[in-house]
Amino acid sequence: MTTGRAGRTTEEQRIGVVTGAGSGIGRAVAVELLRSGWSLALAGRRTETLEETAALAPDGTALTVRTDVTDPEDVAALFAATVERFGRVDLLFNNAGTFGPGGVPVEDLPYDAWRHVVDTNLNGAFLCAQAAYRQMKAQDPQGGRIINNGSISAHAPRPHSVAYTATKHALTGLTKSLSLDGRPYRIAVGQIDIGNAATDMTKAMESGALQASGEVVPEPVMDVADVARTVRHMAELPLEANVQFATVLATTMPYVGRG
């Protein structure tokens, strides 16, 4: 599906790829960027939810591409379709991810569940970043920006979150390494670490989330639109400036200090 914005010249176009764009943070960021004049390739596993995202910004320019980020061929096809449609890639919001099975102790976590989280959160992020890096290095003018979606779990874990937390710590290493390697090619790489944005994934936190103390306590959440605006700010900086790491969280969530 492609929808178009009339009256924009090639010079004015800003081209982005958003993974996990069919729901949650990915959808909020995609809508924010589309409404701000970006042309986007929306990637996700379900075409119908991607089309729903595009419909939320009907004046924007959106290309929907069904993509499994754990599949190298799917990722290659995503970026090929983006370049074919728009000519280049200025931004990748590397957002696709999964928490995995919640509340499962380490000793009971099935290997298949661990592998699924690692494949999605880390391997998928690497494959998309690699494809974006190749395109950004080759295009003229050279360069672009990659923003990885980390997590508060990249700093401090929740109970029973070993797979998710391990991958988010690894994502921080990926961000730093890509940022260093991208310098000669005007490729800026940063990371946004998010805590308790109000999405379907965090809905249960409002009624109660397991704490390190063993208590189950309701947690505050923040409007996901605030995350989207932060990502847009990072995305629209000139390539000479970079937000290396940003942390955006519900102000009173149990993170800073001891809860």
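It should be emphasised that the depicted structure is a prediction, and the values quoted were computed from it without experimental measurement.

K.L.:
Describe unusual backbone geometry, and please don't skip the residues or the numbers.
P.N.:
At the junction of Asp140 and Pro141, the peptide bond is cis and its omega measures out at 0° in the coordinates. Relative to the elements of secondary structure, Pro141 occurs in the loop between helix H4 (111-138) and strand S6 (144-149).

K.L.:
Give a description of the side chain of Asp90 that names residues and reports values.
P.N.:
Position of Asp90 among the secondary structure elements: in the loop between helix H3 (72-86) and strand S5 (91-94). Assessed through its relative accessible area of 18%, Asp90 is described here as buried. Among the polar contacts made by the side chain of Asp90, one reaches the side chain of Arg88 at a distance of 2.8 Å. Those residues in contact with Asp90 that lie beyond four places of it in its chain are Gln13, Arg14, Ile15, Trp38, Met136, Gln139, Gly144 and Arg145.

K.L.:
Give me the packing of aromatic side chains: which residues, what numbers.
P.N.:
Across all of its chains, the model carries two aromatic pairs by this definition. Relative to Tyr164, the ring of Phe99 lies with its centre 4.8 Å away and its plane at 40°, an arrangement referred to as tilted. Separated by 65 residues along the polypeptide, Phe99 in the loop between S5 and H4 and Tyr164 in helix H5 (residues 162-182) bring together distant segments of the chain. Judged by its relative accessible area of 25%, Phe99 is partly exposed.

K.L.:
How would you explain helix H6 (residues 224-235) if you had to name every residue and give the values?
P.N.:
Compared with an ideal rise of 1.5 Å per residue, which puts twelve residues at 16 Å, H6 spans 17 Å between its outermost C-alpha atoms and is within 8% of the ideal. Of the positions making up H6, those classed as buried are Val224, Val227, Ala228, Val231, Met234 and Ala235. Taken down its axis, H6 places every buried residue within 120° of arc, on the same side. Buried residues along H6 sit in contact with helix H1 (24-35), S5, S6, strand S7 (187-195) and strand S10 (245-249). Its side-chain oxygen 2.9 Å from the backbone nitrogen of Ala225, Asp223 forms the N-cap of H6.

K.L.:
Before we move on, can you summarise the nonpolar core with the specific residues and values?
P.N.:
Ranked by size, the top nonpolar core spans 32 residues in total, and within it Ile25, Leu40, Leu42, Phe93, Ile147, Ile192 and Val227 carry the most contacts. Looking at this core, the elements with two or more residues in it are H1, strand S3 (39-44), helix H2 (47-55), S5, S7, H6 and S10. Aside from chain neighbours lying at most four places away, what touches Leu40 is Gly16, Val18, Ala30, Leu33, Leu34, Thr61, Ala62, Leu63 and Phe86. With 27 residues, the next largest nonpolar core counts Val69, Val75, Leu92 and Leu178 among its residues.

K.L.:
Explain the pairing of strand S4 (residues 61-66) to me, and be specific about the residues and the numbers.
P.N.:
For S4, the buried fraction is high: five of the six residues fall into the buried class. Bridging between S3 and S4 involves six bridges; their strand directions are parallel. In the sheet register, Gly44 faces S4, and the bridge partner there is Arg66.

K.L.:
Describe in detail the side chain of Thr53, supporting the description with residues and values.
P.N.:
Relative to the elements of secondary structure, Thr53 occurs in helix H2. Judged by relative accessible area, which is 0%, Thr53 ranks as buried. The residues contacting Thr53, other than those within four sequence positions of it, are Ala21, Gly22, Arg27, Ala30, Val31 and Leu42.

K.L.:
Give me the lowdown on a nonpolar patch on the surface, citing residues and values where you can.
P.N.:
On the surface, Val106, Tyr111, Trp114 and Val162 cluster together into a nonpolar patch covering about 380 Å² of accessible area. Position of Val162 relative to the elements: it lies in helix H5.

K.L.:
Run through the pairing of S5, naming residues and quoting values.
P.N.:
Residues Leu91 and Phe93 line one face of S5 and the alternating positions Leu92 and Asn94 line the opposite face, and both faces are buried. Pairing analysis gives three bridges linking strand S2 (residues 15-19) to S5, with the strands arranged parallel. The partner of Val18 across the bridge, within S5, is Phe93. Taken together, the four bridges between S5 and S6 define a ladder with parallel strand orientation. Within S6, the residue paired with Asn94 across the bridge is Asn148.

How each quantity is defined
- Residues numbered from 1 in each chain as written.
- Predicted model: local features only at pLDDT ≥ 70, side-chain atom pairs only at ≥ 80, totals over all residues.
- Heavy atoms only, no water.
- Helix = DSSP H or I, 4+ residues; strand = E, 2+ residues; numbered from the N terminus.
- Buried < 20%, exposed > 50% of the residue type's maximum accessible area, 1.4 Å probe, protein only.
- Polar contact = N/O pair within 3.5 Å; in protein donor to acceptor, adjacent residues only side chain to side chain.
- Contact = heavy atoms within 4.5 Å.
- Phe/Tyr/Trp six-rings, centres within 6.5 Å; stacked < 30°, edge-to-face > 60°.
- Expected span 1.5 Å × (residues − 1).
- Arc of directions from axis to C-beta.
- Core = buried A, V, L, I, M, F, W, Y, C linked by side-chain atoms within 4.5 Å.
- Pairing = 2+ DSSP bridges.
- Patch = residues over 30% accessible without salt bridge, like charges linked within 9 Å, V, L, I, M, F, W, Y side chains within 5 Å.
- Areas by Shrake-Rupley, 256 points an atom, 1.4 Å probe, with all protein chains shown as cover.
- Salt bridge = Lys/Arg side-chain N within 4 Å of Asp/Glu carboxyl O.

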